Amino acid sequence: MKRILGLVSLLLLSPCLLWAGEKEVTLSFSNTPLAVVLDQYALLTGKTVLCQPGLGATVNLTSKPMPKQKAIELIELTLTMFNNFFVALDDDTMVLVSGGGYPTFPIPLITDPKKIPPGHQLIIYQMNVRHLSRAQLSSSLQAFICGSARLITPPDEKILLVQAPASLVRGLLAVQDLVDVPLEQPAPNTPLPKAEKAR
């Protein structure tokens, strides 16, 4: 009970994170150092939050009262504007990494679309090629790839790996549903009707 009261007091006293009710949060960051934002993110998620060395920024973000999960996703989305992404090291630990180049932390590989996390965490998703060739699917998706997102081609031609924020991966799966479909079969040849002679 003391722990809960202490947490509530900390939330109420924080100048950046205001509890508007049991389930709603108001974000108020004004030229706030990144380290402070990460502390608030840790409070919201209940997870340990680490930061890749060398990352730094000041964050400006204000919001109306919103559900806690939406506030978590808004912080994640805001940090993607600095090309920074959260990566889940395990169920209890998140690390903020730079999207430039190759991350120095392991990125979780996800093969089940139902296990794609909410929000904008950086993941690698194994996309299974269905009907197109991998080159055709890759070409179709490339138009939607931006920022640090990239397509990775392992030896198996039936697999395309997508390294991107979870929100973008969900969008790319929707694109795949539209383009990676069976080709229409040509209609069977039907004989032309015989022309009747004029009388």
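Residues numbered from 1 in each chain as written. Predicted model: local features only at pLDDT ≥ 70, side-chain atom pairs only at ≥ 80, totals over all residues. Heavy atoms only, no water.

Asker: Honestly, the pairing of strand β4 (residues 58–62) in this entry has me stumped. Any pointers?
Answerer: Taken residue by residue, a regular strand's side chains alternate between the two faces of the sheet. Burial of β4 is one-sided: the residues V59 and L61 facing one way are buried, the residues T58, N60 and T62 facing the other way are not. The sheet contact formed by strand β2 (residues 24–33) and β4 spans 4 bridges and is antiparallel. Across the sheet, residue S28 finds its bridge partner in β4, namely T62. (Buried < 20%, exposed > 50% of the residue type's maximum accessible area, 1.4 Å probe, protein only. Helix = DSSP H or I, 4+ residues; strand = E, 2+ residues; numbered from the N terminus. Pairing = 2+ DSSP bridges.)

Asker: I keep staring at the nonpolar core and nothing clicks. Help me out?
Answerer: Ranked by internal contacts, the top residues of the largest apolar core, which has 21 residues, are I116, Y125, M127, L141 and V169. Counting only elements with at least two residues in this core, the list comes to β9 (122–128), α4 (134–142), β11 (159–165) and α5 (166–179). In terms of residues, this core owes the most to one element, α5, which gives 6 residues. Residues within four places of M127 in sequence aside, it is in contact with L137, L141, K158, I159, L160, V162, L172, L173 and Q176. In this structure, V25, F29, L34 and L38 belong to the second largest nonpolar core, which totals 19 residues. (Core = buried A, V, L, I, M, F, W, Y, C linked by side-chain atoms within 4.5 Å. Contact = heavy atoms within 4.5 Å.)

Asker: Can you walk me through the confidence of the model for the protein chain in this structure?
Answerer: Low-pLDDT stretches of the model should not have their predicted coordinates read in fine detail. Summary statistics for the protein chain give a mean pLDDT of 81 and a share of 78% for residues scoring 70 or more. Counted against residues more than four places away or in other chains, residues 1–13, with its pLDDT under 50, gives 6 contacts. (pLDDT = per-residue confidence, 0-100.)

Asker: So what exactly am I meant to see when it comes to the sheet that holds strand β3 (residues 48–51) here?
Answerer: Adjacent strands of a sheet form backbone hydrogen bonds with each other and so pair up, either parallel or antiparallel. Pairing is mixed across the open sheet formed by 3 strands, whose spatial order is β3-β7-β6. Strand pairing shows two members of the sheet lacking a second neighbour, β3 and β6 (84–90), which therefore form its edges. Sheet twist, expressed as the mean angle between neighbouring strand axes with direction ignored, is 30°. Two elements, β6 and strand β7 (residues 93–98), share 6 bridges in a ladder whose sense is antiparallel. Within β7, the position partnered with A88 by the bridge is M94. (Axes fitted to C-alpha atoms, helices over the stretch in contact; angles between N-to-C directions.)

Asker: Would you explain the pattern of salt bridges in this entry?
Answerer: If the charged atoms of two oppositely charged side chains come close together, the side chains can form a pair. All told, the structure shown has 2 salt bridges when counted by the stated rule. D177 is the salt-bridge partner of R130, the closest N and O atoms lying 2.9 Å from each other. Residue R130 is found in the loop between β9 and α4, and its partner D177 is found in helix α5; the two are separated by 47 residues along the sequence. Assessed through its relative accessible area of 46%, D177 is described here as partly exposed. The salt bridge partner of E157 is R134, with a shortest N-O separation of 3.3 Å. Residue E157 is located in the loop between β10 (150–152) and β11, and its partner R134 is located in helix α4; the two are separated by 23 residues in the primary sequence. (Salt bridge = Lys/Arg side-chain N within 4 Å of Asp/Glu carboxyl O.)

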